[in-house]
Amino acid sequence: MKTFFAIAGLVAASIVPVRGATLDAAAGLGGLAKAGRWTPLSVTVASDRDAIAGELVVVWGDARVTRDVTLAPATRKTLELYLRTTEPRGALDVRLRSAGRDVVVATAPVRVLGADDRVTVCVAADAASSVDSAACTATVLARSLPRSPRGYEVADDLVWPGTHAGITTEQDAALRAWRSLEALDASGDLGATPQVSRPLVPRGLPAALAPIVAGVFLAYVSALLLGAAVLRSRRARLSWMGASFAVITAGACAAIAAIGHVGATRAVHVHHVTLLQQLPDTQASVLTVRAIAEFPAFDRFSLRLPAADGTLETPSARGPASGALDADGFPVVTGVFGLAGRQSFAGEALVDVRPLAIDDRGATVTIENRSSLLLRDCRLGRGLAASISGPFGTLAPGARIEASWAGADEAPGGPLITCVSDEAPLPFTEADRPVVMHGETTIAAYRGAPARGYAGE
Amino acid sequence: MSDRALATLAWRALLGAARTPALWIAMGVQIAFLSLYLLVWGDGLPLVGARPVLEQFATTQWIFLGLALPWTAARSGAAWRRDEIAQLAALGAVLPSSAVAASVAALTVLLLAMAAAGLPLALLAQQISAVPAMDLWRTQLPLYALSLVAAPVTAACMLVVANRVMAWTAASAITFIMMIAVPQGLAGAAVLAALAVAAVALLVNGADRRFWYLSEQA
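Residues numbered from 1 in each chain as written. Chains lettered and ligands numbered in written order. Predicted model: local features only at pLDDT ≥ 70, side-chain atom pairs only at ≥ 80, totals over all residues.

Draft legend 1. Fine view of the confidence of the model for chain A. On average, chain A scores 86 in pLDDT, and the residues at 70 or more come to 89%. Across residues 9-16 of chain A, where pLDDT falls below 50, the model places 1 contact with residues more than four positions away in sequence or in other chains. (pLDDT = per-residue confidence, 0-100. Contact = placed C-beta atoms within 7 Å.)

Draft legend 2. View of the packing of helix 3 (residues 210-232) of chain A against helix 4 (residues 238-258) of chain A. Residues and elements named next belong to chain A. Where helix 3 contacts helix 4, the two axes come as close as 10 Å, and the packing angle between them is 175°. In terms of axis orientation, helix 3 runs roughly antiparallel to helix 4. Taking contact as the criterion, the partners of Val216, Tyr220, Ala223, Leu224, Gly227 and Leu231 in helix 3 are, on helix 4, Met241, Ser244, Phe245, Ile248, Ala252, Ala255 and Ile256. Residue classes in the contact of helix 3 with helix 4 are distributed as 11 nonpolar, 2 polar and no charged. (Axes fitted to C-alpha atoms, helices over the stretch in contact; angles between N-to-C directions. Helix = DSSP H or I, 4+ residues; strand = E, 2+ residues; numbered from the N terminus. Parallel < 35°, antiparallel > 145°, perpendicular 65-115°, else oblique. Nonpolar A, V, L, I, M, F, W, Y, C, P; charged D, E, K, R; others polar.)

Draft legend 3. Main features of unusual backbone geometry. Residue and element names in this part refer to chain A. Backbone geometry at Ala74 places phi at a positive 60°, although glycine is not the residue there. Its location among the elements puts Ala74 in the loop between strand 5 (63-71) and strand 6 (75-83). Look at Ala74 and you get exposed, because 12 C-beta atoms sit within 10 Å. One non-glycine residue, Ala99, lies in the positive phi region at around 55°. For Ala99, the location among the structural elements is in the loop between strand 7 (91-98) and strand 8 (101-109). (Buried ≥ 20, exposed ≤ 12 C-beta atoms within 10 Å, placed from the backbone.)

Draft legend 4. Focus on the domain arrangement of chain A. Taken domain by domain, chain A comprises domain 1 (17-112), domain 2 (120-187), domain 3 (196-201 + 266-457) and domain 4 (210-258). The distance between the C-alpha centroids of domain 2 of chain A and domain 4 of chain A comes to 70 Å. (Domains from an automatic or database assignment.)

Draft legend 5. Representation of the pairing of strand 24 (residues 400-405) of chain A in the model. Residue and element names in this part refer to chain A. As paired strands, strand 21 (residues 364-369) and strand 24 are joined by 5 bridges and run antiparallel to one another. When the sheet's bridge partners are listed, Thr366 is paired in strand 24 with Glu402. As paired elements, strand 23 (residues 384-386) and strand 24 share 3 bridges and run antiparallel to each other. Across the sheet, Ala385 pairs through a bridge with Ser404, a residue of strand 24. (Pairing = 2+ DSSP bridges.)

Draft legend 6. Highlighting the interface of chain B and chain A. Taken residue by residue, the interface counts 26 residues in chain B and 30 residues in chain A. Elements that contribute at least two residues to the side of chain B that touches chain A include exactly helix 1 (3-19), helix 2 (21-41), helix 5 (96-116) and helix 6 (119-129) of chain B. Element by element, the count of residues in the side of chain B that touches chain A is highest for helix 2 of chain B, at 9 residues. In terms of residue class, the side of chain B that touches chain A is made up of 19 nonpolar, 5 polar and 2 charged.

Draft legend 7. Here's a closer look at the sheet that holds strand 7 of chain A. All names here are of chain A. Overall, mixed pairing links the 12 strands, which are arranged 8-7-4-5-17-16-19-14-13-27-25-22 in an open sheet. For this open sheet the edge positions go to strand 8 and strand 22 (375-380), each flanked by a neighbour on one side alone. The average undirected angle you get between the axes of adjacent strands in this sheet is 20°. Relative to strand 27 (residues 435-445), strand 25 (residues 417-421) is paired through 5 bridges, and the arrangement is antiparallel. Within strand 27, the residue paired with Thr418 across the bridge is Ala444.

Draft legend 8. The arrangement of the environment of Ala68 of chain B in detail. All names here are of chain B. Turning to its location among the elements, Ala68 is positioned in helix 3 (residues 53-76). The sequence separation of Ala68 and Met27 amounts to 41 residues, and the corresponding C-alpha distance is 9.0 Å. Leave out the neighbours within four places in its chain, and Ala68 touches Ala26 and Gln30.

Now the structure itself:
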């Protein structure tokens, strides 16, 4: 009888909805969106009575983003998500799911503009403030401004009269980063920066696992042949050999099952090609990564990029990409993968890692490696020449070089300097396993806006 | 003849077979070949609409064993020729059917061991495929059923065709026909097991009529 009631209780629990759960969603910068551009989505989840442990699922065209959500009873949480799609619809579909079913559903309408439509977003300090509405495509309250530079991608211009008050440090940093990116884009420096390509990983079992697998099977076949040799030399009984065969085969199965669960085999290997672009006049850098993760065992994994403002996109069968965020808002590649399973993904993040310090004094530029990374293959931008004698290409931690503009007739373009590091500036993490990064990171630093335009003048 | 005597006969046949190099060569080649397969194509054969790694691996295992099981049985020494049965019956005072039954029993154990030797490799393929453990048995049970049927088929071929190569060729051909004819998965395993029982029954029942005397070539 107890079992019956236990089963009945479980069944009842699975069909009773979370009581008092509400979902409010608002999408777009001032309600505006464009195809292929990041679009912000603000979602407020609240629960009056029950605790919530679920997943927020947002679908917009061919894009899908999920975020784990945990909420204590009688609390609310506002989350900011970003989506981009090449097939934008008039509304984003937002669902809060728990135990495989929808708890509450909402839609967030957006006005989809054409790619060539010019968008001027005006910022009002508060609801009572007035702005010149004729020049504005949309008006946004300061407190509602995005917390990521991605949130501004739809805008061509942002008008904010008066003092920039009423926004958080996070919002301010996002706005500065966006303005810096816009300036780099307008100057052509961004377009002249080499982009990341997909890392090349040979087919077959991963290099980290192949020797272990080969070793296990070599030991297996050796043990069997040794047993056979003993049997043939009439030093062993058939029953002994039969038992040995069973033990050897079971041992080989145990060794295979242990791969990825013990010792160094537990590590997740990530092959990456990364670009770190230091944004001038800010404290931030844009990290762009393309990677392939190799998983060591048949298990559930959650590979995290430790950057709160970031995204990781994995190719999906439904469309070009889908993204996932964990409960803390960090982008993750999550799922059940097989032993030696591979998952390719691409990511972007705004990070506070700045290995190179640029001191631009007009005619001369001082570049210092302030990181603990050994930077190699350093190349100065077009029009710049190092003022040191001898070969230049490596910047040790703490090392600095001076460079000066070589000529006035050549317009500079692209980064001031690019260097390559063999260490990842922001290594991925996994809750239960170590992560080993393979690949290289190109670090690009640019001139600040006031200095831009000096050369050639 | 008592069951104990039959067991002794089968045990001796098995011991003789286990001491020949054929079984161990076949097992070693199987493990080396399938290991190499997994090392090179462990992430799946790059085919359009490719099936999971475990299914691809099981198909490779299936084809390999279709060739290797009859060869191992024919070379093991436990698949007796007609004249060997007749001599054993006369000298050992046993029924030919008992000798045939002992031979088939020894071959069955031998070939099951041969098929079971691939289990760790199949386990690796299952781990790579990220499929439930049940799928491992769904792909391995037909292989064990194949070894059940390959034993009486090869024993019959050795009794009919005294030449080992010819007997292996004929047994491989018959085994392949059965492999193609039966459905895939557990249903196929059941059909193969039923065919194995039928083949053993036919072989043993007819042995006392056919194998009392030496052939004219002897």
